[in-house]
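# Results of the structural survey
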Amino acid sequence: MNPHVAGITDVGALRKANQDAIDWRVSEDNRQVLLVVADGMGGYHGGEVASRIAVDTVMEVLVPWLSPDEGVPEEPDDAIQFAINLASERIADQRAADADLAKMGTTLVMAWVIDGEAHIAHLGDSRCYLVQGRELACQTRDDTVVQNMLDDGSIRPDDVPHVPFRNVLTRALGASSAIASFRRVRMAAGDSLLLCSDGLTGALPEDQWLSLISVCETADEKVRALVDASLDNEAADNVSVVLLILN
Amino acid sequence: MASFSQLVDNVVVTTFELDQPEIHVGRRGDNDIRIDEISVSGHHALIEAVPNAYLEGTVDYYITDQNSTNGTFVNELRIDRRQRLNSNDLVRIGWNEFRFIDEEENALEKTAYILD
């Protein structure tokens, strides 16, 4: 399979700083792809630091596995959780060392695709979607108070934009526990995987995504179309999108 | 504490404190908020104050129409099931308008944070 990846992180229409961080890597033999998006939070530039630590640590720990000499790990989820734990420790250390960073934390969503099988992990409300033909399916469940209330029937999707504590996460790096949620998805040729921060989901309704990206040829053009449409909608938050297309 | 203020021509005429787990609204005398007006059913609506199960210290307010004749509306949409109320929502009981205010809501942090 031939993977094509593109990603953009944009400050958005209203924020002064970008607290999102993204990265990706395709192995030389094209068998593996690593995609990461993190959305930082907490105090004066703390969010930027936390999301950067999360993304850099994940890449530092997992990129060596992408070498053809290394061989794929038996349990990719364990390697992912190891990387997340290390990132969490580093964030905790910085929180303890610098009062300005004492409240920082970050979401994390990542996918490690090995021979077409995507190992998806996340904490927080950054999401991963699988695009198959004309279908868009979210593969992650937001770790938020609002998601819990949706699941127990207290509120409906229409209520979400009005709930005052819709920004409260139940899990993230920076909390005492950094146990991620995992999912495996088998991808076929033509399928795409889209990772994003809540700046995209907040600014651009999901039902508009497919029509926007279906008219674009390349991964770069598709990501640009989504981010531009979010900015046209005055995206209130930072917007980040990383897209993998398997051809 | 949240309140429910009756409006007439956009002016507050009466304010009711929502200080019980259940507040019954209707025309009959056994309601907590009694509205003696012909468009209001005997037992018209129920407002519930429910501690949020996931966010300690937060109380959510829900309104349910109790099969009233003329309906309960939140921001001019007729409700057909239990509906969470947000501060500043305009609630209509038959033809009577109320403003729901939750002072606690304004004190909540506006930026993202982690529950830990």
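Right above here is the structure, for reference.
These lines cover the structure that appears in this document, whether it is placed above or below.

What counts as what
Residues numbered from 1 in each chain as written. Chains lettered and ligands numbered in written order. Predicted model: local features only at pLDDT ≥ 70, side-chain atom pairs only at ≥ 80, totals over all residues. Helix = DSSP H or I, 4+ residues; strand = E, 2+ residues; numbered from the N terminus. Rg over C-alpha atoms; globule rule 2.2 N^0.38 Å. Buried ≥ 20, exposed ≤ 12 C-beta atoms within 10 Å, placed from the backbone. Contact = placed C-beta atoms within 7 Å. Nonpolar A, V, L, I, M, F, W, Y, C, P; charged D, E, K, R; others polar. Pairing = 2+ DSSP bridges.

## Things to note about the overall build of chain B
- Each helix and strand in chain B was counted, giving one helix and twelve strands.
- The globule rule puts the C-alpha radius of gyration for 116 residues at 13 Å, and the 15 Å found for chain B is close to it.
- Oriented by its inertia axes, the alpha-carbon framework of chain B measures out at about 50 × 25 × 25 Å.
- Counting over 116 residues, chain B shows a buried share of 24%.
- Put simply, of all contacts in chain B between residues at least 6 apart along the chain, 33% involve residues at least 24 apart.

## A closer look at the environment of Val 242 of chain A
Residue and element names in this part refer to chain A.
- Structurally, Val 242 can be placed in strand β12 (residues 239-246).
- Considering only alpha carbons, one finds Val 242 and Ala 102, 140 residues apart in sequence, at a separation of 29 Å.
- Once you skip the residues sitting within four places of it in the chain, Val 242 turns out to touch Val 5, Gly 7, Ile 22, Trp 24, Leu 35, Val 37 and Leu 195.

## Details of the interface of chain A and chain B
- At the junction of the two partners, chain A supplies 20 residues and chain B supplies 14 residues.
- If you list the elements that add at least two residues to the side of chain A that touches chain B, you get α3 (145-151) and β9 (168-169) of chain A.
- By residue number, the principal contributor to the side of chain A that touches chain B is α3 of chain A, which donates three residues.
- A class-by-class count of the residues in the side of chain A that touches chain B yields ten nonpolar, nine polar and one charged.
- In the sheet, β9 of chain A pairs with strand β12 (residues 113-114) of chain B via two bridges, with the strands oriented parallel. Across the sheet, Leu 169 of chain A pairs through a bridge with Ile 114 of chain B, a residue of β12 of chain B.

## Structural notes on the pairing of strand β6 (residues 59-65) of chain B
Residue and element names in this part refer to chain B.
- Looking at chain direction, strand β5 (residues 45-51) and β6 are connected through seven bridges and run antiparallel. Residue pairing across strands places Val 50 opposite Asp 60, the latter belonging to β6.
- When β6 meets strand β9 (residues 83-84), the two strands line up antiparallel, connected through two bridges. The partner of Tyr 62 across the bridge, within β9, is Arg 84.

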